[in-house]
Amino acid sequence: MASQEIENLASALARLPGLGPRSARRAVLWLLKRRETALDQLLGAMAEVRDKLVECAVCGNIDTRAPCGICADPRRDARAICVVEDVSDLWALDRAKLFTGKYHVLGGRLSALDGVRPEDLTIGALLERVGQGGVDEVVLAMNATLEGQTTAHYLAERLEDFPVRVTQLAHGLPVGGELDYLDEGTLAQALRARRPVG
């Protein structure tokens, strides 16, 4: 058995997404064996992020500078804003390097069950950004859940008064997906969004 301090470290790591108790113990053991290099480097990096972490006042991204690197990048197309539910969605989309515009993080999605109302999200800040002008397109990149689609529908209604094109990410069959393994909702969306061949 390890000391209480080592067990506390393993317990703290086990709370991270994707790490269970066994994986956390393996990570702790690996770090302890390399305490002179890996452990000190990890501790330094975590302390630096903790001390510098800020939320971007423009888009809601999390970064170590404000405005964030995306908002401050002059190569980004300010005429297009991609609206996402959470920072993890922003990072996933930006990792693909397919969208060259700016982002807006809502901080969640509408949910009557969880008591999340429009006032609880950054919808007002989005409308303010669009209202300042210079935005031609708002891409709604909500998750393909009931709450995500409800949020997208609500945003589309709120954006009707602005001279912007409102688009939404396509939903349906994933590349490489087999029909037999897909749920009914995905199949229904794919059928509704069908298009001519050729």
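Above this text you will find the structure in question.
Model, not experiment: these values are computed from the prediction.

Digging into the overall build of the protein
- Scanning the protein from N- to C-terminus turns up eight helices and six strands.
- For a compact globule of 198 residues, the expected C-alpha radius of gyration is about 16 Å, and the protein comes in at 21 Å, more than 25% above that figure.
- Seen through its C-alpha atoms, the protein measures out along the principal axes to roughly 60 × 45 × 40 Å.
- Residue burial in the protein is summarised as follows: out of 198 residues, 29% are buried.

What to know about the packing of helix 2 (residues 21–33) against helix 3 (residues 35–52)
- Look at helix 2 against helix 3: their axes get within 6 Å of each other, and the N-to-C directions meet at 120°. Of the residues in helix 3, those in contact with Trp-30, Leu-31, Leu-32 and Lys-33 of helix 2 are Arg-35, Ala-38, Leu-39 and Leu-42.
- Here the contact of helix 2 with helix 3 is composed, by residue class, of six nonpolar, no polar and two charged.

Focus on the environment of Asp-89
- For Asp-89, the position within the fold is in helix 5 (residues 87–95).
- Separated by 21 residues in the primary sequence, Asp-89 and Cys-68 have C-alpha atoms spaced 16 Å apart.
- The contacts of Asp-89, once residues within four sequence positions are left out, are Val-84 and Asn-143.

A closer look at the packing of helix 6 (residues 123–131) against helix 7 (residues 146–158)
- Across the interface, helix 6 lies against helix 7 with an axial gap of 11 Å and an inter-helix angle of 40°. When the axis of helix 6 is compared with that of helix 7, the two are oblique. Note that helix 6 runs across helix 7; the crossing there is right-handed. Here helix 6 contributes Ile-123, Leu-126 and Leu-127 to the contact with helix 7, which in turn contributes Tyr-154, Leu-155 and Arg-158.
- In the contact of helix 6 with helix 7, the residues fall into five nonpolar, no polar and one charged.

Brief notes about the nonpolar core
- In this structure, Val-83, Val-138 and Leu-155 are the most contacted members of the largest nonpolar core, which totals 17 residues.
- Residue assignment for this core shows that the elements contributing at least two residues are strand 3 (77–84), helix 6, strand 5 (137–140) and helix 7.
- In terms of residue count, the dominant contributor to this core is helix 6 (four residues).
- Contacts of Val-138, omitting those with residues within four sequence positions, involve Ile-81, Val-83, Val-130, Leu-159, Val-164, Arg-165, Val-166 and Thr-167.
- Counting residues in hydrophobic clusters, the runner-up holds 15 residues, among them Cys-59, Cys-68, Cys-71 and Phe-99.

Some details on the side chain of Asn-61
- Relative to the assigned elements, Asn-61 resides in the loop between strand 1 (54–55) and strand 2 (62–63).
- At a separation of 3.0 Å, a polar atom in the side chain of Asn-61 contacts the side chain of Trp-91.
- When residues no more than four places from it in sequence are discounted, the contact partners of Asn-61 are Val-54, Glu-55, Cys-56, Cys-68, Ile-70, Val-87, Leu-90, Trp-91 and Val-105.

Observations regarding helix 6
- Listed in full, the buried residues belonging to helix 6 are Ile-123, Leu-126, Leu-127, Arg-129 and Val-130. Buried residues of helix 6, seen end-on, are gathered within an arc of 160° and therefore sit on one face of the element.
- One or two positions beyond helix 6, positive phi appears at Gly-133, with a value near 90°.

Calculation notes
- Throughout, residues of each chain are indexed from 1 in the direction in which the sequence is written.
- Side-chain atom pairs in this predicted model are given and counted only at pLDDT of 80 or more, local residue features only at pLDDT of at least 70, and totals for whole chains, interfaces and linings cover all residues.
- The side-chain figures draw on all heavy atoms in the structure; neither hydrogens nor water molecules are used.
- Helix numbers and strand numbers start at the N terminus; a helix is a DSSP run of H or I with at least 4 residues, a strand a run of E with at least 2.
- As defined in this context, the radius of gyration uses C-alpha atoms, and a globule is described by 2.2 Å times the residue total to the power 0.38.
- Buried residues are those whose accessible area, probed at 1.4 Å on protein chains only, stays under 20% of the maximum for their type, while exposed residues exceed 50% and partly exposed ones sit between those limits.
- Axis lines are fitted to C-alpha atoms, over the contacting stretch for helices. Their N-to-C directions set the angle, which ranges from 0 to 180 degrees.
- Two residues qualify as a contact provided that any one of their heavy atoms is within 4.5 Å of a heavy atom in the partner residue.
- Following the grouping adopted for this structure description, the nonpolar residues are Ala, Val, Leu, Ile, Met, Phe, Trp, Tyr, Cys and Pro, the charged ones are Asp, Glu, Lys and Arg, and the polar ones are all others, Gly among them.
- With respect to orientation, any angle under 35 degrees is reported as roughly parallel, any angle over 145 as roughly antiparallel, any angle of 65 to 115 as roughly perpendicular, and every other angle as oblique.
- Helix crossings fall into two classes, left-handed where the near helix is turned counterclockwise from the far one by less than a right angle and right-handed where it is turned clockwise.
- Residue types Ala, Val, Leu, Ile, Met, Phe, Trp, Tyr and Cys, when buried and joined through side-chain atoms within 4.5 Å, form a set referred to as a nonpolar core.
- Any N or O atom pair separated by 3.5 Å or less is treated as a polar contact, with the protein-specific requirement of one donor-capable and one acceptor-capable atom, and with residues adjacent in sequence counted only for side-chain atom pairs.
- Note that the arc is computed from the directions linking the helix axis to the C-beta atoms.

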